[in-house]
There are 2 protein chains.
Amino acid sequence: MSNAIDELQAIIAELKTEVEEQRAVIRQSRDRIEHMSAEVVDSNPYSRLMALQRMNIVKNYERIRDKTVAIVGVGGVGSVTADMLTRCGIGKLILFDYDKVELANMNRLFFTPDQAGLSKVEAAARTLTFINPDVRIETHNYNITTIENFDNFLNTITGGGTVAGQPVDLVLSCVDNFEARMAINAACNEKCLNWFESGVSENAVSGHIQFLRPGDTACFACAPPLVVAENIDEKTLKREGVCAASLPTTMGITAGFLVQNALKYLLNFGEVSDYLGYNALNDFFPKMTLKPNPQCDDRNCLLRQQEFQARPKPVVIKEEPSTDDEPLHASNDWGIELVAEDAPTEQEQTTSTAVGQGLRLAYEAPEKTSSVAAPAPVDDTSLEDLMAQMKSM
Amino acid sequence: MSNAIDELQAIIAELKTEVEEQRAVIRQSRDRIEHMSAEVVDSNPYSRLMALQRMNIVKNYERIRDKTVAIVGVGGVGSVTADMLTRCGIGKLILFDYDKVELANMNRLFFTPDQAGLSKVEAAARTLTFINPDVRIETHNYNITTIENFDNFLNTITGGGTVAGQPVDLVLSCVDNFEARMAINAACNEKCLNWFESGVSENAVSGHIQFLRPGDTACFACAPPLVVAENIDEKTLKREGVCAASLPTTMGITAGFLVQNALKYLLNFGEVSDYLGYNALNDFFPKMTLKPNPQCDDRNCLLRQQEFQARPKPVVIKEEPSTDDEPLHASNDWGIELVAEDAPTEQEQTTSTAVGQGLRLAYEAPEKTSSVAAPAPVDDTSLEDLMAQMKSM
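What this report covers is the structure whose coordinates are included nearby. (Residues numbered from 1 in each chain as written. Chains lettered and ligands numbered in written order. Predicted model: local features only at pLDDT ≥ 70, side-chain atom pairs only at ≥ 80, totals over all residues. Heavy atoms only, no water.)

## Looking at helix H5 (residues 147–159) of chain B
Residues and elements named next belong to chain B.
Stage number 1. Taking 1.5 Å of rise per residue, 13 residues should cover 18 Å, and H5 covers 18 Å from first to last C-alpha, within 8% of that figure.
Stage number 2. Considered for burial, the residues of H5 that qualify are Asn149, Phe150, Phe153, Leu154, Thr156 and Ile157. In an axial view of H5, the angular spread of the buried residues amounts to 165°, which keeps them on one side of the axis. In this structure, H5 carries Ile147, Glu148 and Asn155 as exposed residues pointing more than 90 degrees from its buried face.
Stage number 3. In this fold, the buried residues of H5 make contact with strand E1 (68–72), strand E2 (92–96), strand E3 (136–140), strand E4 (170–173) and helix H6 (178–191). (Helix = DSSP H or I, 4+ residues; strand = E, 2+ residues; numbered from the N terminus. Expected span 1.5 Å × (residues − 1). Buried < 20%, exposed > 50% of the residue type's maximum accessible area, 1.4 Å probe, protein only. Arc of directions from axis to C-beta. Contact = heavy atoms within 4.5 Å.)

## Examining the packing of helix H3 (residues 78–87) of chain A against helix H8 (residues 248–267) of chain A
All names here are of chain A.
Stage number 1. Two numbers describe how H3 lies on H8: the axes approach to 9 Å, and their chain directions differ by 45°. It follows from the interaxial angle that H3 and H8 lie oblique. With respect to the hand of their crossing, H3 and H8 are arranged in right-handed fashion. Taking contact as the criterion, the partners of Val80, Thr81, Met84 and Leu85 in H3 are, on H8, Gly252, Ala255, Gly256, Leu258, Val259 and Leu263.
Stage number 2. Looking at side-chain class alone, the contact of H3 with H8 contains 7 nonpolar, 3 polar and no charged residues. (Axes fitted to C-alpha atoms, helices over the stretch in contact; angles between N-to-C directions. Parallel < 35°, antiparallel > 145°, perpendicular 65-115°, else oblique. Left-handed = near helix turned anticlockwise from the far one by under 90°. Nonpolar A, V, L, I, M, F, W, Y, C, P; charged D, E, K, R; others polar.)

## Looking at the side chain of Asp283 of chain A
Stage number 1. Tracing the backbone shows Asp283 of chain A in the loop between strand E7 (275–279) and helix H9 (299–310).
Stage number 2. Exposure remark for Asp283 of chain A: the relative accessible area of 0% places this residue in the buried category.
Stage number 3. Engagement of the side chain of Asp283 of chain A in a polar contact is seen with the side chain of Ser273 of chain B, the distance being 2.5 Å. (Polar contact = N/O pair within 3.5 Å; in protein donor to acceptor, adjacent residues only side chain to side chain.)

## Looking at the environment of Phe178 of chain B
Residue and element names in this part refer to chain B.
Stage number 1. Mapped onto the elements, Phe178 comes out in helix H6.
Stage number 2. Overall, Phe178 belongs to the partly exposed group, its relative accessible area being 29%.
Stage number 3. For the pair formed by Phe178 and Gly215, sequence separation is 37 residues and the distance between their alpha carbons is 21 Å.

## What about the pairing of strand E7 (residues 275–279) of chain B?
All names here are of chain B.
Stage number 1. When you tally the buried positions in E7, you get 5 out of 5 residues, the bulk of the element.
Stage number 2. The alternating pattern of E7 places Tyr275, Gly277 and Asn279 and Leu276 and Tyr278 on opposite faces, both of which are buried.
Stage number 3. Two strands pair when backbone bridges link them, and strand E6 (residues 206–212) and E7 are joined in this way by 5 bridges, in the antiparallel orientation. If you follow Ser206 over to E7, its bridge partner there is Asn279. (Pairing = 2+ DSSP bridges.)

## Structural notes on the interface of chain A and chain B
Stage number 1. If you look at the interface, chain A gives 99 residues, while chain B gives 98 residues.
Stage number 2. Buried surface at the junction of chain A and chain B, both sides included, amounts to about 8700 Å², of which 66% is carbon and sulfur.
Stage number 3. By the criterion of area lost to chain B, the three top residues of chain A are Asp42, Arg48 and Arg87 of chain A, representing 9% of everything that side buries.
Stage number 4. Across the chain A-chain B interface, the total number found is 4 salt bridges. (Buried area = accessible area lost by both parts, 1.4 Å probe. Salt bridge = Lys/Arg side-chain N within 4 Å of Asp/Glu carboxyl O.)

## Considerations on the sheet that holds E7 of chain A
Strand pairing in a sheet relies on backbone hydrogen bonds. The paired strands run either parallel or antiparallel.
Residues and elements named next belong to chain A.
Stage number 1. If you trace the 7 strands from one edge of the open sheet to the other, you get E3-E2-E1-E4-E5-E6-E7, paired in mixed fashion. Across the chains shown, the open sheet's two edge strands, defined by having one partner strand only, are strand E3 (136–140) and E7. Averaged over all pairs of adjacent strands, the angle between strand axes in this sheet comes to 15°, irrespective of strand direction.
Stage number 2. One ladder, built from 5 bridges, connects strand E1 (residues 68–72) with strand E2 (residues 92–96); its direction is parallel. Pairing of Ile71 across the sheet is with Leu95, part of E2.

## Observations regarding helix H4 (residues 120–131) of chain A
What sets the pattern is the α-helix's 3.6 residues per turn: residues three or four places apart point alike.
Stage number 1. Here H4 of chain A spans 16 Å end to end across 12 residues, near enough to the 16 Å set by a 1.5 Å rise per residue.
Stage number 2. For H4 of chain A, a buried count of 9 out of 12 residues is recorded, marking the element as mostly surrounded by other parts of the structure.

## Things to note about the nonpolar core
Stage number 1. Grouped together as the largest cluster of nonpolar side chains are 130 residues, with contacts concentrated most on Tyr61, Leu93 and Phe257 of chain A together with Tyr61, Leu93 and Phe257 of chain B.
Stage number 2. Ignoring any residue separated from it by four or fewer positions in sequence, one finds Leu93 of chain B in contact with Val69, Ile71, Ala82, Leu85, Thr86, Leu128, Val135, Arg136, Ile137 and Glu138 of chain B. (Core = buried A, V, L, I, M, F, W, Y, C linked by side-chain atoms within 4.5 Å.)

## As for the sheet that holds E6 of chain B
Residues and elements named next belong to chain B.
Stage number 1. Ordered by their spatial adjacency, 7 strands build an open sheet running E3-E2-E1-E4-E5-E6-E7, and the pairing between neighbours is mixed. The open sheet is flanked by E3 and E7, the only strands paired with a single partner. Strand-to-strand, the axes of this sheet are offset by a mean angle of 15°, without reference to chain direction.
Stage number 2. Sheet topology note: the E1/E4 ladder contains 4 bridges and is parallel. Following the sheet pairing, Val69 is matched in E4 by Leu170.

Below, the structure is given as structure tokens:
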């Protein structure tokens, strides 16, 4: 009998050791933090961000806690986008995706091999909450392009803002197919929400971001997006036994451009780029602006254009009179001034070369618009360049 | 007695449940993979990288397994650099740092809150091995600028290559202070090793990478690095109760540029940039090339310059005659042709503006060189621009 007890106690000792050993391996996150502090101590995860105020880059950094961003597509670009915004302390992230993590995704940043098989939104939410428990994460595990899901998507971006019932502050498209981009475009045109498009080419060596403001800039249906990458839905490709190439570099850089411009927009500093491309082979970065097409197929785009044109355009008016909103750099009073008037010409990087590699038009411009009112870029020089570009592609 | 046994068995059942619960939380990595396969299946972590061959971007991707890269500094830029190279399946990484992870680092990618207190190289090595167990990780937890450690550093980069006793294929500098950069410069000049410099400004909104090839381009001591960011050792700043600002975006983009150009160099595709800058406020990307200073203070730099000038410079000669090495894009036969001769002028982005913000000369050029042989950029236009730049800063 006492032998039996000894044996059981030995088993208990062994199990206790195992529990202790495992506990040492299990990762512990940090506690939530009520207010962002600028205090310079090693334990403050926000000190380097709050320092942006002392450096005169951002007037009020903590406003980022009031912002909600929707990210559609949590793959190579979307997951890094979510990671960056989470580390910046964004108030709330709403993630949309319906794909699963696979080992084949490990050549891009963010996901880890242990997450293979999990849904991307679920895996991302766990990691993001672990990295920064102050960020509210909401996940939607469905394809936004079906009719029912599109309605859910529309309702979520319209009413899922930081204040319940208010729209999100920004929508970021990180999807890999045309249909999803058109769905986001339709939703944002209908609800007049500003959004960023992003993409990488299937040969992995170019990418771009584009800022779309309904009525103000060309929408995704207005024009063939000039330097949209050759994206093909990965599912289609995989059926054929081939896959698109991808690199953590190109996707990380594209996510970096996307979040940097999102931060400039949300926190009111610097100049937000309307379009920024990246060609990795020669480190070339085309920039441009596209005006909306007055004969766009999307009727909500036309409505937004009318509203935009009807708006008074005074020289200096701030949307919100609070001093917190005064831009520290350049003019970026969204909805009033569109193209930076003082952009020096030597910084114009829109040239007719170097975007050909791995890039093609996402779709052909509708016949009726091609001769009547092709989307007009901001200045004549750019127009010629764009035309030359289109011809050469 | 049987009561005691029941009690013990209840404890055992409880502990077993706890062990099971913990086991579910503990992350499992993947098994090692002998050869990189191009097979398109969800379980292949290299399919998207091997696709670079089918896309005609890289001739032989698997050669990356033969490459060793040393990363000095595993902070905001260096850790993401290591992450990207690990996911790309680099053969071996050698990491140098002597700092600890802090919660104050959580506003940049890669490290997680549970790692606070661990040495950066140790924390990085664990995560990287977890992400890709095929990559050999070697860590050096010391400051390379002390005399003894400098010798260790020198020996490691000279003999720590993939083949024992051979040098590493590339050194990447991701440090945050001038002394460490000068130490890397001295080592690479002495051993004639190519390296990349990188940096971000203390206001977090600009960054750069620079490719240094001893004898061929300006070394770090040749000239005031023109657009080197205002880096101050974080330790100095913290003593004063202030800290540099940083953003995951700028650091991720800088790491992306660094690794992308390292990949182009190691795998022989595209054009490697000699210098690529990034200004986040207006998405401006200056590029330039600096020739070595014939009166450089570093005697090894002068030796390398003599060797370089003595080398025959035929129009077309490959360093290795293997067909695997034929470049797929442009000319990048290192050590033979330096500046891409066919770079179209419309892509020249070296202008006299927009690098001022947040940037200053890292140090003053030595008196003797300023009037005699200031580092000459590749063409005269650039020289004027650079001078204008220097004056305006």
